[in-house]
There are 2 protein chains.
Amino acid sequence: MAEPSEGGALPTVGQRATRSYTFTAESVAQFAALVGDGNPIHLDAAYAAQAPFGRPIVHGIFVASLLSAALGEQLPGPGCIYLGQTLRFEAPVYVDETVTASVEVSAVRAEKRIVTLRTECARADGVRVLSGEAVVKC
Amino acid sequence: MAEPSEGGALPTVGQRATRSYTFTAESVAQFAALVGDGNPIHLDAAYAAQAPFGRPIVHGIFVASLLSAALGEQLPGPGCIYLGQTLRFEAPVYVDETVTASVEVSAVRAEKRIVTLRTECARADGVRVLSGEAVVKC
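Residues numbered from 1 in each chain as written. Chains lettered and ligands numbered in written order. Predicted model: local features only at pLDDT ≥ 70, side-chain atom pairs only at ≥ 80, totals over all residues. Heavy atoms only, no water.

(A) How the structure looks around unusual backbone geometry. Residue and element names in this part refer to chain A. Leu75 connects to Pro76 through a cis peptide bond whose omega is 5 degrees. Structurally, Pro76 is set in the loop between helix H4 (60–73) and strand S2 (81–89). Positive phi values are uncommon outside glycine, yet Arg113 reaches one of about 55 degrees. Mapped onto the elements of the fold, Arg113 is located in the loop between strand S3 (98–109) and strand S4 (114–123). (Helix = DSSP H or I, 4+ residues; strand = E, 2+ residues; numbered from the N terminus.)

(B) Inspection of helix H4 (residues 60–73) of chain B at higher detail. Taking 1.5 Å of rise per residue, 14 residues should cover 20 Å, and H4 of chain B covers 20 Å from first to last C-alpha, within 8% of that figure. Extensive coverage of H4 of chain B is indicated by the burial of 13 of its 14 residues. (Expected span 1.5 Å × (residues − 1). Buried < 20%, exposed > 50% of the residue type's maximum accessible area, 1.4 Å probe, protein only.)

(C) Here's a closer look at the packing of aromatic side chains. Under the counting rule described, the total for this entry stands at eleven aromatic pairs over all chains. The interplanar angle of 55 degrees and the centroid separation of 4.7 Å between the aromatic rings of Tyr21 of chain A and Phe23 of chain A together place this pair among those described as tilted. Side by side, Tyr21 of chain A and Phe23 of chain A carry an identical accessibility label, which is buried. With 4.9 Å between their ring centres and 85 degrees between their planes, Phe23 of chain A and Phe62 of chain A make a pair best called edge-to-face. Placement of Phe23 of chain A in the loop between strand S1 (16–22) and helix H1 (25–35) and of Phe62 of chain A in helix H4 is noted, with a sequence separation of 39 residues between them. The residues Phe23 of chain A and Phe62 of chain A share a single accessibility class, namely buried. Three or more aromatic residues joined by ring pairs make a cluster, and in this case those are Tyr21, Phe23, Phe31 and Phe62 of chain A together with Tyr21, Phe23, Phe31 and Phe62 of chain B. The ring of Tyr94 of chain A carries the charged tip of Arg55 of chain A above its face, separated from the ring centre by 3.7 Å. (Phe/Tyr/Trp six-rings, centres within 6.5 Å; stacked < 30°, edge-to-face > 60°. Lys NZ or Arg CZ within 6 Å of the ring centre and 35° of its normal.)

(D) Structural detail: the side chain of Gln85 of chain A. Assignment of secondary structure puts Gln85 of chain A in strand S2. There is a polar contact of 2.6 Å between the side chain of Gln85 of chain A and the side chain of Tyr82 of chain A. If sequence neighbours within four positions are ignored, Gln85 of chain A has contacts with Leu67, Leu71, Thr119, Gly132, Glu133 and Ala134 of chain A together with Gln85, Thr86, Leu87 and Phe89 of chain B. (Polar contact = N/O pair within 3.5 Å; in protein donor to acceptor, adjacent residues only side chain to side chain. Contact = heavy atoms within 4.5 Å.)

(E) How the structure looks around the environment of Thr18 of chain A. All names here are of chain A. With respect to the element layout, Thr18 can be found in strand S1. Looking at Thr18, the relative accessible area reads 39%, which means it is partly exposed. Sequence-wise, Thr18 and Leu75 are 57 residues apart; in three dimensions their C-alpha atoms are separated by 9.1 Å.

(F) View of the pattern of salt bridges. Residue and element names in this part refer to chain A. Counted by the stated rule, this structure contains 14 salt bridges over all chains. Close ionic contact of Arg128 with Glu90 constitutes a salt bridge, the shortest N to O distance being 2.7 Å. Here Arg128 is found in strand S5 (residues 128–137), whereas its partner Glu90 is found in the loop between S2 and S3, with 38 residues between them in sequence. Judged by relative accessible area, Glu90 falls into the partly exposed class, the value being 37%. Via salt bridges that share partners, Arg88, Glu90, Glu120 and Arg128 belong to a single interconnected network. (Salt bridge = Lys/Arg side-chain N within 4 Å of Asp/Glu carboxyl O.)

(G) Looking closely at the interface of chain B and chain A. Opposite the 48 residues of chain B that make contact, chain A presents 47 residues. Surface buried jointly by chain B and chain A totals about 3,900 Å² across both partners, of which 62% is contributed by carbon and sulfur atoms. Its largest share of buried area at the contact with chain A, chain B owes to Leu34, Tyr47 and Ile61 of chain B, together 17% of the area lost on that side. Taken together, chain B and chain A are joined by zero salt bridges. Taken together, the connections running from chain B to chain A amount to 20 residue pairs in polar contact (both at pLDDT 80 or more). (Buried area = accessible area lost by both parts, 1.4 Å probe.)

(H) A look at the sheet that holds S5 of chain A. If you trace the ten strands from one edge of the open sheet to the other, you get S1(A)-S3(A)-S4(A)-S5(A)-S2(A)-S2(B)-S5(B)-S4(B)-S3(B)-S1(B), paired in antiparallel fashion. Edge positions in the sheet fall to S1 of chain A together with strand S1 (16–22) of chain B, since each has one partner strand and no second. Taken over all neighbouring pairs, the strand axes of this sheet differ in orientation by 20 degrees on average, direction set aside. One ladder, built from six bridges, connects strand S2 (residues 81–89) of chain B with strand S5 (residues 128–137) of chain B; its direction is antiparallel. Its bridge partner lying in S5 of chain B, Gln85 of chain B is registered against Ala134 of chain B. (Pairing = 2+ DSSP bridges. Axes fitted to C-alpha atoms, helices over the stretch in contact; angles between N-to-C directions.)

(I) Looking closely at the relation of the copies chain B and chain A. The operation relating chain B to chain A is a screw motion whose rotation component is 180 degrees, with 0.0 Å of axial translation and a residual RMSD of 0.0 Å. Expressed as an axis order, the relation between the two copies is that of a two-fold axis. The rotation axis passes nearest to the C-alpha of Thr86 of chain B in chain B, at a distance of 2.2 Å. A share of 98% of interface residues in chain B that are also interface residues in chain A marks the association as one of identical surfaces. (Least-squares fit on C-alpha atoms with pLDDT ≥ 70 in both.)

Structure representation (C-alpha cells):
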C-alpha cells in the first residue's frame, strides 16, 4: 500500500508534468452517461453540424479532468487534495483529438503545504484549448 | 433532432436550476478509470484512512461535472458552450454521498449571448462542498 504524501517532500517551483489523452466518441459517450451531461453538442453529429463548431466537441470538464489526473498521479502526485481550479475554455476539442495537459508549479507555501500550479491543455496541432490555475494541498 | 439554442430565448437573471447525484464507489471507480486519475485518496480505503479525511473522497472534478450537466441539460440547456468555470473545493464529498448542484443566472450579455451563473454544490447535510462561477455562450 502506498503511503499518503503528507509530510513528504514538496515539489519545487518550475517542476512540470504532462500527460496526453485521446478523446474518442466512445469515451465522450461514457463520460456523458456517467456524469449525466447529455448536451447534444457533444453527442449528436446532426445537432452539432448546426452549432457554431460544426461537429461534436468534447465536454470541457472532461478535458479539465486531465488536469486532475496529472495532479493526482504525477505532480504533486498521490495524496494531494484539490483546493481550487480556474478554467478558461479557449478552443474546442473535437472527438478523436489527442490533448496534452501540462501542470507546472508556480508557488509553494511550505508551512501550509499548499502548491499552486499553472495548468493548460493543448491539442496535437498546438492550439491551447484550456488554461487556468490549480491549488492543491499536499 | 433538437435544434441548437443559438438565436433562441436567453435565460434571465435569477433563473435557477438544481440537480442531484449520488457518488457510489462504482461511479468513482468508473470516473477514475475513464479519466485516468488513480489518486488513491479516491479509491483506496486503507490509504485514505491515513490521509486527512480518513476515508475515500470523490474526485473534485467529478463533483464539478455535475455543474456541467446542469448547464448543458437544464440552464441555459442544450447547445450552450462552456467558456469558463472557477472552482473552490470547500469540503470533501465522501463515497455514497448525494450532492445537489445549483446554477443561478447572475448576468446576461444579450448582444454576445454570454451568460454568467453562480454555481455551487452541497451535500445532503447542507454543507457546501464547491462554489464558483460559470460563463457560457448560448
